[in-house]
Amino acid sequence: MQYNERPGGSDRYVPQKQQNFSEKILDKFYMLSDILYPPVCPVCKRPLLFRQGGGLIHPSCYARLHKAVPPLCMKCGKPLKDARQEYCYDCSRHRHSFESGHGLWVYDKISSEIVFLYKYGGKRELSVFFASALAQEYGAWIRQIHPDILVPVPLSREKMRSRGFNQAELIARRLGDEMGIECESRALVRVKSTIPQKSLDPGKRQENIRKAFSADPAYLKGVKRVLLIDDIYTTGATIQYCSRALRAAAGARVWFLTLCIGAPF
Ligand SMILES: [Zn+2]
Ligand SMILES: [Zn+2]
């Protein structure tokens with residue numbers, strides 16, 4: 001990640017790109033709103049001085065987020081302890097419907113807090129930062145995959161009502177804008193509101209998620225390559241069943257990209 005240090009010392013994280021006219025206007029708006037409502041860094045909770053180019057985190061705090069670095073599982077992208085391994089325990093034992101995928105940060109205390117803040121703390125604007133971090137770190141990989149569309153993992157109607165937004169969809173839309181790839185949130189639907197996973201044993205959990213997703217062929221015409229977007233990959237069950245639904249409905253090959261990825265189990 002690169003930073004654009006502001007002369008005079010602002011230490012906001014700023015994506016490196018030329019600003020267009022509307023972004024300049026947005027910057028002015030941010031400057032004004034920052035005076036009225038000083039924003040805070042999602043990691044350290046200290047104030048962020050004048051926002052510039054959409055900076056939403058201190059560079060030093062950005063560095064505290066642990067990236068998933070090699071050796072990584074060749075299938076799901078989980079960090080591996082042993083460089084001689086090709087796959088994690090799970091991927092070496094189970095077939096997955098997706099081709100491969102990556103998570104940007106290791107799912108730990110810092111990354112889980114920032115995602116929690118985004119999902120439940122009303123900090124929707126973090127989607128801008130998340131999408132730009134994903135594009136910066138995985139843009140080349142995305143171009144290599146060359147997906148026809150980005151598809152966010154859907155929320156059930158009930159969750160959508162209570163949360164008010166789909167955290168994966170906001171990130172996918174921003175990322176799609178940055179990469180020039182269409183985002184199609186209607187391609188997948190969460191057909192059944194899942195019973196809280198915590199209340200179920202592992203077998204029932206799988207069953208519960210398996211039934212939850214269906215793909216709509218009406219929004220997958222001519223689509224052969226899909227990049228699924230979600231916030232967290234842990235057991236991989238959600239991504240697995242979303243991929244399966246997309247393959248069944250359109251014969252599409254599926255990859256995934258998430259913000260966080262859990263440790264191998
Ligand atoms: Zn900070
Ligand atoms: Zn794996």
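All values reported here derive from a predicted model rather than from experimental measurement. (Residues numbered from 1 in each chain as written. Chains lettered and ligands numbered in written order. Predicted model: local features only at pLDDT ≥ 70, side-chain atom pairs only at ≥ 80, totals over all residues.)

Asker: An account of the overall build of the protein is requested, with residue identities and associated values reported.
Answerer: Regarding its fold elements, the protein presents nine helices and seven strands. The burial tally for the protein puts 37% of its 265 residues in the buried class. (Helix = DSSP H or I, 4+ residues; strand = E, 2+ residues; numbered from the N terminus. Buried ≥ 20, exposed ≤ 12 C-beta atoms within 10 Å, placed from the backbone.)

Asker: Explain the sheet that holds strand β2 (residues 149–152) to me, using residue names and the numbers behind them.
Answerer: Two orientations exist for strands paired in a sheet by backbone hydrogen bonds: parallel and antiparallel. Here five strands make up an open sheet; going across it, the order is β1-β7-β6-β2-β3 and the pairing parallel. Here the strands that pair on one side only, and so sit at the sheet edges, are β1 (101–106) and β3 (182–183). As judged from the eight bridges shared by strand β6 (residues 225–233) and strand β7 (residues 253–261), these two strands associate in the parallel manner. Bridging across to β7, Leu-227 finds its partner in Trp-255. Running over the sheet, helix α5 (residues 126–145) touches β1, β6 and β7 and is turned about 155° from β1. Where helix α7 (residues 167–179) meets the sheet, its contacts fall on β2, β3 and β6, and the angle it forms with β6 comes to roughly 130°. (Pairing = 2+ DSSP bridges. Contact = placed C-beta atoms within 7 Å. Axes fitted to C-alpha atoms, helices over the stretch in contact; angles between N-to-C directions.)

Asker: With reference to specific residues and values, describe the packing of helix α8 (residues 202–210) against helix α9 (residues 237–250).
Answerer: Interhelical geometry of α8 versus α9 gives an angle of 40° and a closest axis separation of 9 Å. The two elements α8 and α9 cross, and the hand of that crossing is right-handed. Taking contact as the criterion, the partners of Gln-206, Ile-209 and Arg-210 in α8 are, on α9, Ala-237, Thr-238 and Tyr-241. Tallied by class, residues from the contact of α8 with α9 come to three nonpolar, two polar and one charged. (Left-handed = near helix turned anticlockwise from the far one by under 90°. Nonpolar A, V, L, I, M, F, W, Y, C, P; charged D, E, K, R; others polar.)

Asker: Please set out unusual backbone geometry residue by residue, giving values where relevant.
Answerer: For the bond running from Pro-70 to Pro-71, omega is 5°, close enough to zero to count as cis. Looking at the element boundaries, Pro-71 is found in the loop between α2 (59–62) and α3 (89–93). Phi at Lys-45 is positive, roughly 65°, even though this residue is not glycine. Tracing the sequence through the fold places Lys-45 in the loop between α1 (21–36) and α2. Residue classification places Lys-45 among the exposed residues on the basis of 10 C-beta atoms within 10 Å. For His-146, which is not glycine, the phi dihedral falls at a positive 55°. Here His-146 shows up in the loop between α5 and β2.

Asker: Mind laying out the confidence of the model for the protein, listing which residues take part and the relevant values?
Answerer: Per-residue confidence for the protein averages 86 on the pLDDT scale, and 85% of its residues sit at or above 70. Residue range residues 1–16 is modelled with pLDDT below 50. Its contacts to residues more than four positions away, or to other chains, number 33 contacts. (pLDDT = per-residue confidence, 0-100.)

Asker: I'd like a description of the packing of α5 against α7, backed by residues and values.
Answerer: Pairs of packed helices are described in terms of their axes, by the angle between the two and the distance that separates them. Contact geometry for α5 and α7: axes closest at 9 Å, N-to-C directions at 55°. Classified by the angle their axes make, α5 and α7 are oblique. For α5 against α7, the interelement crossing comes out right-handed. In this structure, α5 uses Ser-127, Val-128, Phe-130, Ala-131, Ser-132, Leu-134, Ala-135, Gly-139 and Ile-142 to contact α7, whose residues at the interface are Leu-170, Ile-171, Arg-174, Leu-175, Glu-178 and Met-179. Per-class residue counts for the contact of α5 with α7 are ten nonpolar, three polar and two charged. (Parallel < 35°, antiparallel > 145°, perpendicular 65-115°, else oblique.)

Asker: Could you give me a rundown of the nonpolar core, with the residues and numbers involved?
Answerer: Membership of the largest hydrophobic core comes to 63 residues, with the highest contact counts inside it found for Val-226, Leu-227, Leu-228, Ile-229, Cys-242 and Leu-246. Counting the residues that make up this core, at least three belong to each of domain 1 (1–64) and domain 2 (89–261). Beyond its immediate sequence surroundings of up to four residues, Ile-229 is in contact with Leu-150, Val-151, Pro-152, Val-153, Ala-168, Ile-171, Ala-172, Leu-175 and Leu-257. (Core = buried A, V, L, I, M, F, W, Y, C linked by C-beta atoms within 7 Å. Domains from an automatic or database assignment.)

Asker: Tell me what's going on with the pairing of β7, and back it up with residues and numbers.
Answerer: Burial analysis of β7 places eight of its nine residues in the buried class, which makes it a mostly covered element. Strand direction decides the pairing type here: β1 and β7, joined by five bridges, are parallel. Pairing of Gly-103 across the sheet is with Thr-258, part of β7. Taking the sense of rotation as the criterion, the β-α-β connection linking β6, α9 and β7 turns out right-handed. (Right-handed = clockwise from strand over helix to strand, strands pointing away.)

Asker: Give a description of α7 that names residues and reports values.
Answerer: Counted at 1.5 Å a residue, the expected span for α7 with its 13 residues is 18 Å, and the 19 Å between its end C-alpha atoms agrees. Within the span of α7, buried status applies to Gln-167, Ala-168, Glu-169, Leu-170, Ile-171, Ala-172, Arg-174, Leu-175 and Gly-176. Those residues of α7 hidden inside the fold are in contact with α4 (109–120), α5, β2, β3 and β6. Looking one or two residues beyond α7, the residue adopting positive phi is Gly-180, at roughly 70°. (Expected span 1.5 Å × (residues − 1).)

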